[in-house]
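Close look at the chain arrangement
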Amino acid sequence: MALDNETLEQLIGTVRRFVRERLVPLEHQIAENDAIPPEIITEMRQMGLFGLSIPEAYGGLELSMQEEVLVALELGYTSPAFRSLIGTNNGIGSQGIIIDGTEEQKQKYLPRMASGELVVSFALTEPEAGSDAASLRTTARRDGDSYVINGTKRFITNAPAAGLFTVFARTDPESAGAKGVSAFLVEAGTPGLSLGPMDRKMGQRGAHTCDVIFRDCRVPADAIIGGKEGQGFKTAMKVLDRGRLHMSAVCVGAARRLLEESLRYASERRQFGKPIVEFQLVQAMIADSRAESYAAECMVKETARRKDAGLDVSTDAACCKMYASEMVGRVADRAVQIHGGAGYIADYGIERFYRDVRLFRIYEGTTQIQQILIARNLARDFAH
Ligand SMILES: Cc1cc2nc3c(=O)[nH]c(=O)nc-3n(C[C@H](O)[C@H](O)[C@H](O)COP(=O)(O)OP(=O)(O)OC[C@H]3O[C@@H](n4cnc5c(N)ncnc54)[C@H](O)[C@@H]3O)c2cc1C
C-alpha cells in the first residue's frame, strides 16, 4: 500500500537523520572491527528497516517500489555494510516467499523477517555456478515426505547471521537447466547444514558472506517455496527485478555521498593559491559525476514508477543496475582523484568507498549479465 505524502516524508526524514547522525560517524569503526554494533541493529529493527518490502499483513511496511527506492537512496549514502544487513530480508531473501510462497510459509516466516528477529539469506551461487546459475549442482532428492539436500553454496550474504536460507537445488536430476530447480526454505540448525569460514573481502567490511554447505540435509517436503517442484528458477528471476532497482538506488545514494565529499574537499583544499574547485579540470570531474548520478537517479525513479504501475520492467531494471553500478564506480574513481593523495589514504574514507562500491558491478548479476539480458530482451521484442 502506498504511503500518504506526509508519512512518506516522515519516513525518509527519519532514515536520513539516522544515516547521517548515527551511521556516518560509525563508518570507520565498522570497517576497523568488521562488525555492526548490536545497538545499531536494534535501532534498525525499531525503524522497520528489515521489513520495508514485506506486506503490512505480515508486519512489514509494504513500501511500493518507488518508496523503497527513496529509502535505499538514503541508505546508500553511508557504508554499504549497513544496507547489506537489511538487504536480504527486504530483497532476495524474502521476496521469493512473498511472490511465490504458500500462505503457511508467509505466516511462519515473514513477521519475524519484517521485525529483523529472523535474518534470511539467498543461497543460489555455487563454486561452479555463478553467472550461469541455472547450471547449479546442489541436489534435493525426494525421500518419502522429505527432501535430502547435498551441495555447496558460495559467497552467501548474511549467512553467518541467518536463521533461514532460501536455497536453490535441483529436484529433477534428469534436467540440467533451469526447469529442474526448486527453491527450499531451510532453517539454520537443521542437521547437515553447516557454514564455511567467513570470506575475507576487498571491501564492505561489516557485511559478511560465507559458504553454506549441505550434507544429507533433510527438510520436510513442505519446505519447497510454493509447494511445487520445478518453479525455483522462475522464483529466483522474479526476485531479481526488485533487487536490481533497490541496488541501483543504493548506487545513486553512494554517488551522492562521494560527490558531496569531493565538493567539500575541493572547496577546502588550496593549490596554486586557490581552492582546487576553481580549476576547470577538477570542475569537469565534478560535473561528470553529477550528470551521471542524476541520470541514474532519473532512470531508477522512472523504472520504479513503471514497476508500480504493473508494467514489465525487467529490461529497464537491468539497464538501471548496469548503468548505476558502473556510474558509481566512475564517481568513486573521480572522488579518489579529486582528493589526490588523501584519496588513497585510509583516514579519509574515500578509498574505502572506492573498494566498497566495486561489488555493485559483480553481485545480483554482473554488468556483462545485465548487458546480455538487455540485448536478449530487445532482440526478442523486436522479433515480435
Ligand atoms: C560479496 C558478495 C556477496 C554475494 N552475495 C550473494 C548471495 O547472497 N547469494 C548468492 O546466491 N550469491 C551471492 N554472491 C555471488 C554473486 O552473485 C556472483 O559472484 C556473481 O553472480 C558472479 O558469479 P561468479 O562470481 O561465479 O563469476 P562468473 O560467473 O564466473 O563470472 C566471471 C566473469 O565472467 C563474466 N561472464 C560470465 N558469463 C558470461 C557470459 N555469458 N558472457 C560474458 N561474460 C560472462 C562475468 O561477467 C564476470 O566478469 C555474492 C558475491 C559476492 C562477491
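Keep in mind that what you see is a predicted model, and the values were worked out from it rather than measured.

Moving on, we get to the site of the ligand. Taken together, 17 residues sit near the ligand, with Phe122, Thr125, Ser131, Thr366 and Gln368 positioned nearest. Phenylalanine 155 places a polar main-chain atom, nitrogen or oxygen, 2.8 Å from a nitrogen atom of the ligand. Residue glutamine 368 places a side-chain N or O atom 2.7 Å away from an oxygen atom belonging to the ligand. The protein chains hide 63% of the 960 Å² of surface that the ligand would expose on its own. Breaking the shell around the ligand down by element, the ones donating at least two residues are strand 3 (146-157) and helix 12 (367-383). When residues of the shell around the ligand are assigned to their parent elements, the largest contribution, three residues, is made by strand 3. Tallied by class, residues from the shell around the ligand come to eight nonpolar, seven polar and two charged.

Taking 1.5 Å per residue, 37 residues should reach 54 Å; helix 8 (residues 232-268) reaches 54 Å between its end C-alpha atoms and fits that length. For helix 8, a buried count of 28 out of 37 residues is recorded, marking the element as mostly surrounded by other parts of the structure.

So, on to the environment of isoleucine 224. Within the element layout of this structure, isoleucine 224 appears in the loop between strand 7 (209-220) and helix 8. Assessed through its relative accessible area of 2%, isoleucine 224 is described here as buried. Separated by 71 residues in sequence, isoleucine 224 and lysine 153 have C-alpha atoms that sit 17 Å apart. Filtering out sequence-adjacent residues up to four positions away, isoleucine 224 remains in contact with Gln105, Tyr147, Ser182, Ala183, Phe184 and Glu229.

Here glutamate 351 shows up in helix 11 (residues 350-356). Within polar-contact distance, the side chain of glutamate 351 engages the side chain of arginine 355 at 2.9 Å. With sequence-adjacent residues up to four places away left out, glutamate 351 is seen in contact with Gly343, Tyr344, Ile345 and Ala346.

Turning our eyes to something else, we now look at the environment of glycine 101. Checked against the element boundaries, glycine 101 lands in the loop between helix 6 (95-100) and helix 7 (103-115). We classify glycine 101 as buried; its relative accessible area is 14%. Not counting the four nearest positions on each side in its chain, glycine 101 is found in contact with Gly96, Lys106, Ile225 and Gly226.

Here helix 5 (residues 80-90) lies mainly inside the structure; 11 of its 11 residues are buried. Regarding helix 5, the residues found buried are Pro80, Ala81, Phe82, Arg83, Ser84, Leu85, Ile86, Gly87, Thr88, Asn89 and Asn90.

In this section: unusual backbone geometry. Peptide bonds are, in most cases, trans, and in most cases residues other than glycine have a negative phi. The backbone of aspartate 34 shows a phi angle near 55 degrees, a positive value even though the residue is not glycine. Looking at the secondary structure, you find aspartate 34 in the loop between helix 2 (27-33) and helix 3 (38-46). Classification of aspartate 34 as partly exposed rests on a relative accessible area of 21%. The backbone phi angle of aspartate 216 is positive, close to 50 degrees, even though this residue is not glycine. Overall, the relative accessible area of 53% leaves aspartate 216 in the exposed class.

Further remarks concern the side chain of aspartate 241. Structurally, the position occupied by aspartate 241 is in helix 8. For the buried aspartate 241, which has no salt bridge, the nearest side chain bearing the opposite charge is arginine 244, at an N-O separation of 4.7 Å. Discounting residues that sit within four places of it in the chain, aspartate 241 has contacts with Lys307, Val313, Ser314 and Ala317.

Time to look at the pairing of strand 2 (residues 139-143). In the sheet, strand 2 pairs with strand 3 via five bridges, with the strands oriented antiparallel. Looking across to strand 3, one finds that aspartate 143 is bridged to serine 146. Taking the residues that link successive antiparallel strands as the turn, the strand 2-strand 3 hairpin has two residues, and the phi of glycine 144 there is positive, at about 65 degrees.

Moving on to the packing of aromatic side chains. Evaluation of the coordinates by the stated rule reveals five aromatic pairs. On the numbers, 6.3 Å between centres and 45 degrees between planes, the contact of phenylalanine 360 with tyrosine 363 is tilted. The exposure class assigned to tyrosine 363 is buried, which follows from its relative accessible area of 18%. Of note, arginine 20 hangs over the ring of tyrosine 77, and the distance from its end group to the ring centre comes to 3.8 Å. Its end group placed over the ring of tyrosine 77, arginine 257 keeps NZ or CZ at 5.2 Å from the ring centre.

Turning next to a nonpolar patch on the surface. On the surface, Tyr344, Ile345 and Tyr348 cluster together to form a nonpolar patch covering roughly 390 Å² of accessible area. Looking at the element boundaries, tyrosine 344 is found in the loop between helix 10 (314-338) and helix 11. Look at tyrosine 344 and you get exposed, because its relative accessible area is 69%.

Now for the nonpolar core. Core analysis: the biggest nonpolar cluster contains 31 residues, and Val69, Leu258, Met327, Val328, Val357 and Phe360 have the highest contact counts within it. The set of elements that each furnish at least two residues to this core consists of helix 4 (65-75), helix 8, helix 9 (280-308), helix 10 and helix 11. When residues no more than four places from it in sequence are discounted, the contact partners of leucine 258 are Val328, Val331, Ala332, Ala335, Ile350 and Phe353. Grouped together as the second largest cluster of nonpolar side chains are 27 residues, Ile98, Leu124, Ala133 and Leu240 included.

The subject of this paragraph is the packing of helix 1 (residues 5-23) against helix 4. Helix 4 packs onto helix 1 with a crossing angle of 15 degrees between their chain directions and a minimal axis gap of 9 Å. Overall, the two elements helix 1 and helix 4 adopt an arrangement that is roughly parallel. Considering the relative orientation of helix 1 and helix 4, their crossing is right-handed. Contacts between helix 1 and helix 4 involve Leu8, Leu11, Ile12, Val15, Arg16, Val19 and Arg20 from the first element and Glu67, Leu70, Val71, Glu74 and Leu75 from the second.

Analysis parameters
- Residues numbered from 1 in each chain as written.
- Predicted model: local features only at pLDDT ≥ 70, side-chain atom pairs only at ≥ 80, totals over all residues.
- Heavy atoms only, no water.
- Near = heavy atom within 4 Å.
- Polar contact = N/O pair within 3.5 Å; in protein donor to acceptor, adjacent residues only side chain to side chain.
- Areas by Shrake-Rupley, 256 points an atom, 1.4 Å probe, with all protein chains shown as cover.
- Helix = DSSP H or I, 4+ residues; strand = E, 2+ residues; numbered from the N terminus.
- Nonpolar A, V, L, I, M, F, W, Y, C, P; charged D, E, K, R; others polar.
- Expected span 1.5 Å × (residues − 1).
- Buried < 20%, exposed > 50% of the residue type's maximum accessible area, 1.4 Å probe, protein only.
- Contact = heavy atoms within 4.5 Å.
- Lys, Arg positive; Asp, Glu negative; His and termini not counted.
- Salt bridge = Lys/Arg side-chain N within 4 Å of Asp/Glu carboxyl O.
- Pairing = 2+ DSSP bridges.
- Phe/Tyr/Trp six-rings, centres within 6.5 Å; stacked < 30°, edge-to-face > 60°.
- Lys NZ or Arg CZ within 6 Å of the ring centre and 35° of its normal.
- Patch = residues over 30% accessible without salt bridge, like charges linked within 9 Å, V, L, I, M, F, W, Y side chains within 5 Å.
- Core = buried A, V, L, I, M, F, W, Y, C linked by side-chain atoms within 4.5 Å.
- Axes fitted to C-alpha atoms, helices over the stretch in contact; angles between N-to-C directions.
- Parallel < 35°, antiparallel > 145°, perpendicular 65-115°, else oblique.
- Left-handed = near helix turned anticlockwise from the far one by under 90°.

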